[in-house]
Each structure stands twice: as structure tokens, then as C-alpha cells.
Amino acid sequence: MKIAIIGYYGHNNLGDELNLLEMLKLIQKQYPSADITVFSGGLACLYYDVEYNLVLADRMSLTEYRKTLNTFDLVIIGGGGLIFLGANYFDFLQDGLKVPYIFSRVGIDDRIVSPSVTKELKQILSKAYDVTVRTSFDKELCLKHLGIDCNVVPEAIWNYEAEPFPLPYGGKKILTSINAYGAKFASRIKNALMNVNIPHTNFTISMQDTSKDFYYNILSTPERRVILPESVSLHKKASLLVSMDLVISSRLHAGLVAISHGIPAIMVKSTPKVQFLLAELGLNEFFIDNNISSEFIEYVLVKNLKPRLTEIARNLKELARAPIIPL
């Protein structure tokens, strides 16, 4: 079987690339001899070799793209937050595509809702062989704006297992990862960290290697922080993340990977998907929409949350093991 996967891949985004790796494992479990090609919507900027075929779709014309996709047996769109109700990125799925396609474990973003776009998306998703979304809140948006009822299946990244490594630093270990969407919290996080009375070391990584991410990570951490170089592998970044006692982030997958390994995550308001994640997991108290205090950070550091988070992760991992391709 020839399978095409389309998503936000090839951009050196830690969460999306780890999610893709777990998607590939699930597909190969179903179809061990599957021939899989991943299409990137933008210029690839990976610093490492990958074990999958990566094609840069942005270098193709629309006609060429459809012609290429028609050589496959199945097209998978997902995972990640790919459905924006203010813009249609799936015109290649309209006229001229002859092969079946599915939307797999996607997120829906309603910050902008365009009636003309939702009309187009409704037509596209209605013709899909299968549609699944990653949270019940995405399901509500899908039904509300597109009139499509779909199943909820957690992202494959829940199955990812990182190996923590011993760090030569004393006290508690706190990692901060902030992007532009959480920019307004940068100085607040820095001030809170500077006033935490529990001995600790601050760390930071960029979930996606862009100058903006690096900039906001620096703004949100005290001067004495440990910075993981951007050129390390996905697995090295993940290993650092799961070696923490606490993660503070505006990045969905930073919080998800932490929680999936039993590590508490304080998530600051950025895009709706962050709040969707915590609400889905029953962890609303860790969502910050205004100010973050040193007292709250200390509270999370001393409270034994691992049993609760481990049980949540166990349930989500079991659900995330569902086949990518509908049986």
C-alpha cells in the first residue's frame, strides 16, 4: 500500500516530528510493507536525517500536486492543529483528487471563522473516508461549524517514550518553552522564576528552531539558565524535557510530552489548543490566563502529582494506540 501523509512536517518542530514518528509506527504495525511518503507544506529545515521520504509540496503546482497524490492508495491529513476555520489549506483535496483521504486526529482552530471557508471545509471533510479529532472540544467545533460529527482519538505522540538523563545540577529542575503566542507572559514567568524560594535550576529549549522562539525563551528565563543548543536531535530535546520536575510552556506538545511522562506542566494562554488539552485531561488548574506567581510554581513543585498524571497518561496512551487507518 502506498500512503501519503500531509501535515506540518519538515519544519524541525519537536512536537509534530515526534507525533509523526509515532504515526508511522502505528501505520507500519497495520501495514508492515507500507510505502509511506510525507509531504511538507513548506521548505524543510531539519538538522538531521529522517527515515521517511520527505517531499516538498510547496515546490509543486496544484495540478502537479494532485497528480502526484493520485499515484497513492490513501492520503492521510494529520495530525496536529491543521484545520483553521479562517483559511482553507486543502484546495488540493477538491477537484481532481481521485484517491480516498482521511483527516486523522486533527485540531480545529476557531480564532477566525469565515463562512466561505467553513463552507469549503465542510465539503472537503464530508467527502473524507474518515475524520477524527484530538479532543472533545475540537469535536464540538467540528459539529458546530462544519456540521460533521466525528470520533475523538488522542494524538499518536502520547505513545512516545523519552529516556531522561541525569543532569549535573542541584535542586528542582524547571524548563520553560515559550513561543510568540505566549509572548505576553515572558516577563511574568521570568519574574516568578526569580522569586521561587525552592532551590532550582532553570532550563529552556526551543520546540521549533526559529529566532522568535529563541527570543521569547530568553525573555522568559532568568539570566542563569541552561540553554539546550538548537542543533541537537529530537530525542535529545525530548530527553531534556522529561528530565524536569516542572515544565512551563505555551507550546501544546511541550506540555503533552511532560504530562505523558508524569511531569506537571503549567500551560499559559496562547492558542485555544492549549486550554483544550488541559480541559480534556481534567487539569484546568494548571492553565494560566492572566498572571503566574512564584507561589503557584512552588506549590506545583512540592505537590506529588506524579500518580495522578501517570494515570491520565496511561489512559491516553491506551486510546492513542488505536489504528491510524480505519479498519
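Predicted model only: the values in this text are computed from it and were never measured. (Residues numbered from 1 in each chain as written. Predicted model: local features only at pLDDT ≥ 70, side-chain atom pairs only at ≥ 80, totals over all residues. Heavy atoms only, no water.)

Visitor: Can you walk me through the overall build of the protein chain in this structure?
Guide: When you go through the protein chain residue by residue, the secondary structure sums to 11 helices and 13 strands. In summary, the protein chain has a C-alpha radius of gyration of 20 Å against a globular reference of 20 Å for 327 residues, a match within 12%. Judged by the C-alpha coordinates and their principal axes, the protein chain covers about 60 × 40 × 35 Å. Taken across its 327 residues, the protein chain has 55% of its residues classed as buried. Counting contacts in the protein chain only where the partners sit at least 6 residues apart, residues at least 24 apart contribute 72% of the total. Carbon and sulfur atoms provide 52% of the accessible area of the protein chain, an area that totals close to 14,600 Å². (Helix = DSSP H or I, 4+ residues; strand = E, 2+ residues; numbered from the N terminus. Rg over C-alpha atoms; globule rule 2.2 N^0.38 Å. Buried < 20%, exposed > 50% of the residue type's maximum accessible area, 1.4 Å probe, protein only. Contact = heavy atoms within 4.5 Å. Areas by Shrake-Rupley, 256 points an atom, 1.4 Å probe, with all protein chains shown as cover.)

Visitor: Looking at this structure, I do not really get the packing of helix 8 (residues 252-260) against helix 9 (residues 272-281). What am I missing?
Guide: Geometry of a packed helix pair, given as the angle between the helix axes and the separation of the axes. Interaxial distance between helix 8 and helix 9 falls to 9 Å at its minimum, and their mutual angle equals 25°. Taken as axis vectors, helix 8 and helix 9 run roughly parallel relative to one another. Crossing hand, helix 8 versus helix 9: right-handed. On helix 9, the residues touching L252, L256 and I259 of helix 8 are K273, V274, L277, L278 and L281. Across the contact of helix 8 with helix 9, the residue classes tally to seven nonpolar, no polar and one charged. (Axes fitted to C-alpha atoms, helices over the stretch in contact; angles between N-to-C directions. Parallel < 35°, antiparallel > 145°, perpendicular 65-115°, else oblique. Left-handed = near helix turned anticlockwise from the far one by under 90°. Nonpolar A, V, L, I, M, F, W, Y, C, P; charged D, E, K, R; others polar.)

Visitor: Help me understand the sheet that holds strand 10 (residues 225-227) in this model?
Guide: Picture the strands of a sheet paired through backbone hydrogen bonds; they go either parallel or antiparallel. Pairing in this open sheet of six strands is parallel, and the strands run 10-9-8-11-12-13 from one edge to the other. The sheet terminates laterally at strand 10 and strand 13 (287-288), the two strands that pair on one side only. Pairing between strand 12 (residues 265-268) and strand 13: two bridges, direction parallel. Across the sheet, the residue bridging to M267 is F287, located in strand 13. Sheet contacts for helix 5 (residues 186-194): strand 8 (172-177), strand 9 (200-204), strand 11 (246-249) and strand 12; angle to strand 8, the most-contacted strand, approximately 170°. (Pairing = 2+ DSSP bridges.)

Visitor: It is not clear to me how the packing of aromatic side chains should be interpreted in this structure. Could you clarify?
Guide: Each aromatic ring pair is characterised by the separation of its centres together with the angle its planes make. Per the counting criterion, the structure on display carries 12 aromatic pairs. With 5.8 Å between their ring centres and 75° between their planes, F39 and F72 make a pair best called edge-to-face. Here F39 is found in strand 2 (residues 35-40), whereas its partner F72 is found in the loop between helix 2 (62-69) and strand 4 (74-84), with 33 residues between them in sequence. Of the two residues, F39 and F72, both sit in the buried class. Taken together, F39, Y65, F72, F90, F92, Y101 and F103 form an aromatic cluster joined through their ring pairs. Cation over ring: K2 sits above F72, and NZ or CZ is 4.7 Å from the ring centre. Here R188 stacks its cationic end above the ring of F185, 5.2 Å away from the centre of that ring. (Phe/Tyr/Trp six-rings, centres within 6.5 Å; stacked < 30°, edge-to-face > 60°. Lys NZ or Arg CZ within 6 Å of the ring centre and 35° of its normal.)

Visitor: Quick question: what am I supposed to make of the sheet that holds strand 5 (residues 101-109) here?
Guide: Here we have seven strands laid out as an open sheet, ordered 3-2-1-4-5-6-7, and parallel in their pairing. Unpaired on one side and paired on the other, strand 3 (53-56) and strand 7 (151-152) mark the two borders of the sheet. Bridge analysis of strand 5 against strand 6 (residues 130-133) gives three bridges, and the strand direction is parallel. Across the sheet, the residue bridging to I102 is D130, located in strand 6. Sheet strands touched by helix 1 (residues 14-30): strand 1 (2-7), strand 2, strand 4 and strand 5. Its angle to strand 4, the strand with the most contacts, is close to 150°.

Visitor: Looking at this structure, how should I read the pairing of strand 2?
Guide: Moving residue by residue along a regular strand, the side chains alternate between the two faces of the sheet. Buried residues dominate strand 2, accounting for five of its six residues. With six bridges joining them, strand 1 and strand 2 adopt parallel strand pairing. Within the sheet, the bridge partner assigned to A4 lies in strand 2 and is T37. As paired elements, strand 2 and strand 3 share four bridges and run parallel to each other. Bridging from a neighbouring strand, S40 pairs with L56 of strand 3.

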